[in-house]
Number of protein chains: 4
Amino acid sequence: MRKLWGGRFDGETDALILRLNNSLPFDRRLWRQDIEGSIAHATMLGATGILSPQEADQIVAGLQTLRADLEAGQVELPEDAEDVHAAVESLLRERIGPIAGKLHTARSRNDQVATDVRLYLRAECDALVAEIRQLQETLLDVAAQHFETVMPGYTHLQHAQPVVLAHHLLAYFWMLSRDVERLSACRGRVNRLPLGAAALAGTGFPIDREHVARQLQFDMLLENSLDAVSDRDFIAEFLACAAILMMHLSRLAEEIVLWNSPEFGFVILDDSVTTGSSIMPQKKNPDVAELVRGKTGRVYGNLTAILTVLKGLPLAYNKDLQEDKEPLFDTVDTLHLVLPALRKTLASARFQVERMREATAGDFSTATDLADYLVRQGMTFREAHEVVGRIVRHCIAHHLTLETLDVPTLQALCPTLADRASEVQAILSVQASVQSRQVRGGTAPQSVRVQWQVARDSLAGT
Amino acid sequence: MRKLWGGRFDGETDALILRLNNSLPFDRRLWRQDIEGSIAHATMLGATGILSPQEADQIVAGLQTLRADLEAGQVELPEDAEDVHAAVESLLRERIGPIAGKLHTARSRNDQVATDVRLYLRAECDALVAEIRQLQETLLDVAAQHFETVMPGYTHLQHAQPVVLAHHLLAYFWMLSRDVERLSACRGRVNRLPLGAAALAGTGFPIDREHVARQLQFDMLLENSLDAVSDRDFIAEFLACAAILMMHLSRLAEEIVLWNSPEFGFVILDDSVTTGSSIMPQKKNPDVAELVRGKTGRVYGNLTAILTVLKGLPLAYNKDLQEDKEPLFDTVDTLHLVLPALRKTLASARFQVERMREATAGDFSTATDLADYLVRQGMTFREAHEVVGRIVRHCIAHHLTLETLDVPTLQALCPTLADRASEVQAILSVQASVQSRQVRGGTAPQSVRVQWQVARDSLAGT
Amino acid sequence: MRKLWGGRFDGETDALILRLNNSLPFDRRLWRQDIEGSIAHATMLGATGILSPQEADQIVAGLQTLRADLEAGQVELPEDAEDVHAAVESLLRERIGPIAGKLHTARSRNDQVATDVRLYLRAECDALVAEIRQLQETLLDVAAQHFETVMPGYTHLQHAQPVVLAHHLLAYFWMLSRDVERLSACRGRVNRLPLGAAALAGTGFPIDREHVARQLQFDMLLENSLDAVSDRDFIAEFLACAAILMMHLSRLAEEIVLWNSPEFGFVILDDSVTTGSSIMPQKKNPDVAELVRGKTGRVYGNLTAILTVLKGLPLAYNKDLQEDKEPLFDTVDTLHLVLPALRKTLASARFQVERMREATAGDFSTATDLADYLVRQGMTFREAHEVVGRIVRHCIAHHLTLETLDVPTLQALCPTLADRASEVQAILSVQASVQSRQVRGGTAPQSVRVQWQVARDSLAGT
Amino acid sequence: MRKLWGGRFDGETDALILRLNNSLPFDRRLWRQDIEGSIAHATMLGATGILSPQEADQIVAGLQTLRADLEAGQVELPEDAEDVHAAVESLLRERIGPIAGKLHTARSRNDQVATDVRLYLRAECDALVAEIRQLQETLLDVAAQHFETVMPGYTHLQHAQPVVLAHHLLAYFWMLSRDVERLSACRGRVNRLPLGAAALAGTGFPIDREHVARQLQFDMLLENSLDAVSDRDFIAEFLACAAILMMHLSRLAEEIVLWNSPEFGFVILDDSVTTGSSIMPQKKNPDVAELVRGKTGRVYGNLTAILTVLKGLPLAYNKDLQEDKEPLFDTVDTLHLVLPALRKTLASARFQVERMREATAGDFSTATDLADYLVRQGMTFREAHEVVGRIVRHCIAHHLTLETLDVPTLQALCPTLADRASEVQAILSVQASVQSRQVRGGTAPQSVRVQWQVARDSLAGT
């Protein structure tokens, strides 16, 4: 493979250095974007008269057939090329001869690669948003079956107050909505055209960057050529969005692992999304959830990697920037795996409604309701909290539950309550507790139905 | 200090555990937000009849005078309080008596602290955006003096093509513009109201969350109470924005360090932004730039910290979330230091125009122009690149520069050029090279002036 | 406060820049080390004749009384000093006059600060090792009560095979042992003397570095002055050790949180190490465990910070290195909090032995034992695994447990087993399963007792 | 491919989940270790009578021929296997029939994979140490040519004091020595045997772990089976060592990039380790150094990844641990690229001795020597520093250098010096400055020669 830069050099490049240097093993996936960008560039070179119409046509036609052949698997990128740009240009030269050398007029690999990566990432932002939405759809579908499914709501992994499962699942819906917001905003910053920046200073040829931007559907031009070839903040931003998304998914994954444990028993996962053990015949492991949780590390690591690469780099292009692609690609691939895997896991999960309900029995999770009741009777919340705290302590010491407190005990612990024992009983039921939280965003089934509809509409509207 | 949760407990908390647990040493800075949120909450409790108008008024008035006294330094937060919420409530109780205990009706520290942090961060986003804009103003001011200042443009820290200093500085303007975009978008996601989520499930009191949102100028409500108290994606997003901003600043800082070295000599920093050595009397060190570069580590670390904290946490609130504040506060404080410090460094820097110009002499940085010239004569770019590469190699071997190539040598190396020696001479001048790059975003002074105006307008428009 | 480097400067340093630059707010904690190092340095200057004996004595005496007065709180570091070195020297000058200026002969702040930090960290390595050992002692104490406490052993948070609690706790003992190994090795690399490197190049004064090393009990000298003042790998290594230690602690913390949940119910934490809720009177939260888990983020972040700071720094000292201290100090402080907190949590925890035992009932965790039994009858393990897998599937489908399989069912599922039903019953008991794993490192109580003794001895021996 | 755990499952695993789950694409590289470990395991099973001698022999022989055939490329791992363990066992079964199923007696994939990874990493530690030593050899070789090559020593990238190039290069020698220390210590913790831990609890078969350890040359046994299968601190430690090593390399890389810039001009890199530009024919880029610096990000990211994965994982094995391998492998591969690449870059570099010497002229870097001279005349260092600072300021203001100060000027600035003008001249020479720093570890050529010999011996001795 002929190098694109041989003229100035006497010596041969060392084989190890070539291996260190060459990016084809990972940037090969950009061939579609590379050709797409080159077609737009060549078309513009023709339109502006920098190339003759014939030259431009010949190059564009060459690129188009090359694309078709690559797509069809009838030709392959040469393994010995330095990078995807060299590989594509070399294949083009095989087809249309030395005129292929005119394609690189008024451009450099520096602006070319930045354009390729932006085209790639723009499409991936869209694809990932679509996959997140599918996961959100699934959350809505499952939630719709569980508006009345009562379960313990946890803080500190302690039973805090009862909630309904739909409410719990919708919490993830909203996290994912913000992830979609972030990815969409990121896409806006990705979709800006670097081409025309050439090596770093712009070009002396009278190119038309707006022409290229229109062809490639970029929203706007990058206004500074040094910035265009040397910044990678859009990749760092994408990886930060991905890290936050994975953080959210890791939390859902953790809950699936917990709920699937024998101790919780809140969910049974489908055989299709679990695996077994090579030694313990009884095992059925929540692998998907564990791998989602584990792969969070990989994505965090990719974010650390790009931030480290960029730290303290002077302008403009430095070879360090070649290290931007693998963390990006790995993150995209990871998300394409975990999003549908988690969706399938949720969609096929069997939630154990009875077990969840039983778990709320005798767990003191309606203590706040009792305190609130005292407040409505005129006590300050701080007093009420103190009184109920004493009642709970008494119950634990005597192996009682709130539901089974008898009147004499109530009398002893809080005289004002003794007179209203039946009201108190009603308040202490998990059902009543849940029903009472009708505030917007609260866990009362009717509130959750409203919330569900808002969620549903937001998904339709976006 | 009375605990807010003593009733249920027999034993005393261990002193070390208290120290581990208590957040007042760092969350004390939220006292303004805590009072502001409590005033809105109490006002709403009055408006909805949950408290009587008198009760609400009394609480609000107590909070207002407390705020004034704290502001005036006439009262201090009690050191032994568990957190800022307990500290404020305790001071309030000293003033208005047990009725202070009614303030916590229909709310929990879980939604309270989330509200406080969001109020804090909303204001800080605005303050930081203002500071970034000031830095951008300074970049514009300095750039305006250097539309014609030619300097080497670098790739791989090698001279690549000449550029003008204004162009180089404006590259940072645009990076910072995107940082402003990101922070503004983040502010939008910060500015959503969690209050009303109570502990995790919402409240049974008929509160009016829209009322609170209006008072506190939140853009919208968080629609799910579990999400409201347990997610911290807005902090992670802010820290990611900050990390990317610091990455940009670290690049500028690196360039200042380089340019200030004797070898580059492109800038002389003002005494007011440099320090000396305790041993070497001649030293004048670019401390600001070095510290900006170094503090990038701190901000990256803070992002790592929050992402690690959140990974795999089940819903809803967990005490781990207490670890969200210090990385946030430290990052905000760091940015408030480095942004103005860098601004002052730039504003007072004396750029060494002559030294920059001299640096472009004989550096082969117009070789691309020569290749482009050959392309205009009909050669393919690949051929032209090869020819010019050979010429450069010849010059280096014979200690020549492109500018001093004589006709016989040109004749030998590229016969077509020999006939056009004077044209070639013109092309090889640094001035001509810069002038030629008139593409939008390119380095020709007239293009940079246009770019500068676009930048100027964008700042005014925002 | 007079600067140590004013002579060469015309202008005043900007106030903000001073604030950015000054390190006294955090390096003040090094005053003991700074004085200790200075005493050694001055003593050596006297011994080598660089200072007269009288001068050296006067300086050493001044430093000693200053140390005593600082220790006693009778004098304070001046707030306006640039750093701890300037602060100490300024206090010394107040006492002994201009001769204090001779202390800085043949040294620079560059080697001085490196020495101070190494003295500090050496002591902290020892202190932290002592605290880890105390935690290990506690693990041994608790384990000693639970050689026979059977509980589910988990993989994938599924019941895998029964284990004894002592065995589970000892797993953490060994993790911590490796942490001690790492910290001890790190200490060895910390304990090397940089003093004498001066600014970067060594000094022309005939100092005796071995003399200083002996006084300060350093193991060896750093052999290269540039290396001595510019590398901070020993801090990065310490932070990596700390991150791995916190990782281990976070795992133990996670288990405490899980075991303390109502669903597991394996442990009841003492009131002294838990806190309550401001809204939910019944809550008793495992705050220590959660904070240990959460503070892992902080320590990981500190490691990221220092690695980022050091990346790509040219030799020798750069101001970026000032950013080495806060991550270090914060990590040390964090470990001093979490190690004893976790120890107290464990020491006061009441393990619910019955609950653990019950959790192993009917959980199929002896399925491997059945497969192993078949192997002993001559089946290959793969066949046996298959057969037992089918038996488990049958049990689940028919709501049976392995313990309650009757002979006809066994007959149907695995004829060879039917003949040996009573042997099979024996094998399927949790007790028998645990007893059988007598391999070194296995969970049989007698093996665990041996393991415990090895652990005990290793602690004594170190 | 038959799964190793099918018996208990009804449904088929989803194809996507399989792809998520399967590790063969990356753990295939462990086949040698997997076979080596299996041979040792089978041999021990025979020696202990768990298998008959014939069975053991048959399995061992099968594994040996399989290894030979895989080595020779005559057989390939089946692509559809779940992981390398399944792949190897399946190939074995093809060769020796169902008896292959006996190999997995008394072991689980959990202890098997931990053993494989430790065998792999043990060898890689050795290989990497060997490569670091080669780089150290190169540093020694290059240094040996530059004991007298004077260059500016930098702090804050300002000229601080002159040093010799050998001294500067040896700084990296010592950093790398500590990296070797760390890797060697890490190897010691890697080289502990997990096999025999089985799934998590040990095994009921009477295996002999010492026998296996001896065969596989492990230093010791892991004493706790839960720890053995669930901790990965040895990988985190290795990645931390690698991160610190890359940090060191990134600093050397940064210096190569700087020194190779036209402004510094301290080094000319060989054509064999540089590449050119696709647009700028004159460019010769220090790609190796830039990629080394950039790949630091990747290794830091890998460390972040593993620490994140392990945070908060309960015992024992969790599927998240599958994510331990790729960051490890990627780091090993990266080091195998960058270490020799940097070595070749250094070995072939032409240091520009004259340019370095010229750079020290008139740079005030001997100002400390002048101050030290005044100290020797009896001034305190603080006074001397002040006086010399004034002299430097005078020189800068009047465009003078220290070397060219005339007697009247000296007289005016420091009367005591005027009498000793010739002595002062001698002191101010760069040569004299370097010569004077004869302290151990200092930059005087004779000291550096001693240092070089110590370094040389340390390399031989290790």
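Residues numbered from 1 in each chain as written. Chains lettered and ligands numbered in written order. Predicted model: local features only at pLDDT ≥ 70, side-chain atom pairs only at ≥ 80, totals over all residues. Heavy atoms only, no water.

Q: I'd like to hear about the domain arrangement of chain A, residue by residue, with values.
A: Residues and elements named next belong to chain A. With domains assigned, chain A is organised as domain 1 (6–105), domain 2 (111–147 + 172–208 + 220–355) and domain 3 (360–452). Together, the buried faces of domain 2 and domain 3 total about 530 Å²; carbon and sulfur atoms form 68% of this surface. It is Leu140, Phe147 and Trp174 that lose the most area in domain 2 upon contact with domain 3, and together they represent 90% of the buried surface on that side. Counting across the domain 2 and domain 3 interface gives zero salt bridges. At the boundary of domain 2 with domain 3, the tally comes to two residue pairs in polar contact (both at pLDDT 80 or more). (Domains from an automatic or database assignment. Buried area = accessible area lost by both parts, 1.4 Å probe. Salt bridge = Lys/Arg side-chain N within 4 Å of Asp/Glu carboxyl O. Polar contact = N/O pair within 3.5 Å; in protein donor to acceptor, adjacent residues only side chain to side chain.)

Q: Any chance you could break down the interface of chain B and chain A for me, citing the residues and the numbers?
A: The partner chain A presents 112 residues to the 112 residues of chain B that form the contact. Each partner contributes to the roughly 9500 Å² buried at the junction of chain B and chain A, and carbon and sulfur atoms together form 56% of this total. Between the two partners, chain B and chain A, sit 22 salt bridges. Where Glu181 of chain A meets Arg189 of chain B, a salt bridge forms, and the shortest distance between an N and an O atom there is 3.0 Å. Applying the counting criterion to the chain B and chain A interface returns 56 residue pairs in polar contact (both at pLDDT 80 or more). Counting residues per element, the side of chain B that touches chain A draws most heavily on helix α10 (residues 233–259) of chain B, at 13 residues. (Contact = heavy atoms within 4.5 Å. Helix = DSSP H or I, 4+ residues; strand = E, 2+ residues; numbered from the N terminus.)

Q: Help me get a handle on the relation of the copies chain C and chain D, residues and values and all.
A: Each of the two copies of the chain can be brought onto the other by a rotation about an axis and a shift along it. Expressed as a screw operation, the relation of chain C to chain D combines 0.0 Å of axial shift with a rotation of 180°, fitting to an RMSD of 0.1 Å. Taken together, the rotation and translation describe the operation of a two-fold axis. Identified as the residue of chain C closest to the rotation axis by C-alpha distance is Ala240 of chain C, at 3.1 Å. Take the interface residues of chain C: 100% of them recur as interface residues in chain D, which is what a same-surface contact looks like. (Least-squares fit on C-alpha atoms with pLDDT ≥ 70 in both.)

Q: Got a sec to walk through the packing of helix α3 (residues 31–47) of chain D against helix α6 (residues 109–144) of chain D? Specific residues and values, please.
A: Residues and elements named next belong to chain D. At a minimum axis distance of 9 Å, the contact between α3 and α6 shows a crossing angle of 115°. Note on packing geometry: the crossing formed by α3 with α6 is right-handed. Between α3, through Gln33, Asp34, Glu36, Gly37 and Ser38, and α6, the contact on the second element is made entirely by Gln112, Asp116, Leu119, Tyr120 and Arg122. (Axes fitted to C-alpha atoms, helices over the stretch in contact; angles between N-to-C directions. Left-handed = near helix turned anticlockwise from the far one by under 90°.)

Q: Mind laying out the environment of Gly265 of chain B, listing which residues take part and the relevant values?
A: Residues and elements named next belong to chain B. Position of Gly265 relative to the elements: it lies in the loop between α10 and β5 (267–268). Take Gly265: its relative accessible area is 14%, and that puts it in the buried class. Measuring from C-alpha to C-alpha, the distance between Gly265 and Leu169 comes to 17 Å, with 96 residues separating the pair along the chain. Not counting chain neighbours up to four residues away, the residues in contact with Gly265 comprise Trp259, Gln352 and Arg355. (Buried < 20%, exposed > 50% of the residue type's maximum accessible area, 1.4 Å probe, protein only.)

Q: So what's going on with unusual backbone geometry? Which residues, and what values?
A: Residue Leu315 of chain A is joined to Ala316 of chain A through a cis peptide bond whose omega torsion reads -10°. Take Ala316 of chain A: it is sitting in the loop between α11 (287–310) and α12 (325–347). One non-glycine residue, Gln217 of chain A, lies in positive phi territory at about 60°. Among the structural elements, Gln217 of chain A can be located in the loop between α8 (209–216) and β4 (220–221). Here Leu157 of chain C, not a glycine, exhibits a phi torsion of approximately 55°, which is positive. Inspection of the secondary structure assignment puts Leu157 of chain C in the loop between β1 (150–155) and β2 (158–164). According to the relative accessible area criterion, Leu157 of chain C is buried, its value standing at 4%.

Q: Can you explain the relation of the copies chain B and chain A? Please cite residues and give values.
A: By a simple turn and slide, chain B fits onto chain A: the slide is 0.0 Å along the axis, the RMSD is 0.1 Å, and the turn is 180°. Comparing contact sets, 100% of the residues at the interface of chain B also lie at the interface in chain A, consistent with an isologous, same-surface contact.

Q: Please provide a residue-by-residue account of the environment of Gln322 of chain A, values included.
A: Mapping Gln322 of chain A onto the fold places it in the loop between α11 and α12. With 106 residues separating them in the primary sequence, Gln322 of chain A and Leu428 of chain A have C-alpha atoms 62 Å apart. Those residues in contact with Gln322 of chain A that lie beyond four places of it in its chain are Leu20, Asn21, Asn22, Ser23, Phe26 and Tyr317 of chain A together with Leu291 of chain D. A polar contact of 2.7 Å, which involves the side chain of Gln322 of chain A, links it to the backbone oxygen of Asn21 of chain A.

Q: Break down helix α11 (residues 287–310) of chain C for me, citing the residues and quoting the values.
A: Taking 1.5 Å as the rise per residue, α11 of chain C with 24 residues should run 34 Å; its terminal C-alpha atoms sit 35 Å apart, in good agreement. The positive-phi residue at the C-terminal boundary of α11 of chain C is Gly312 of chain C, with phi of around 70°. (Expected span 1.5 Å × (residues − 1).)

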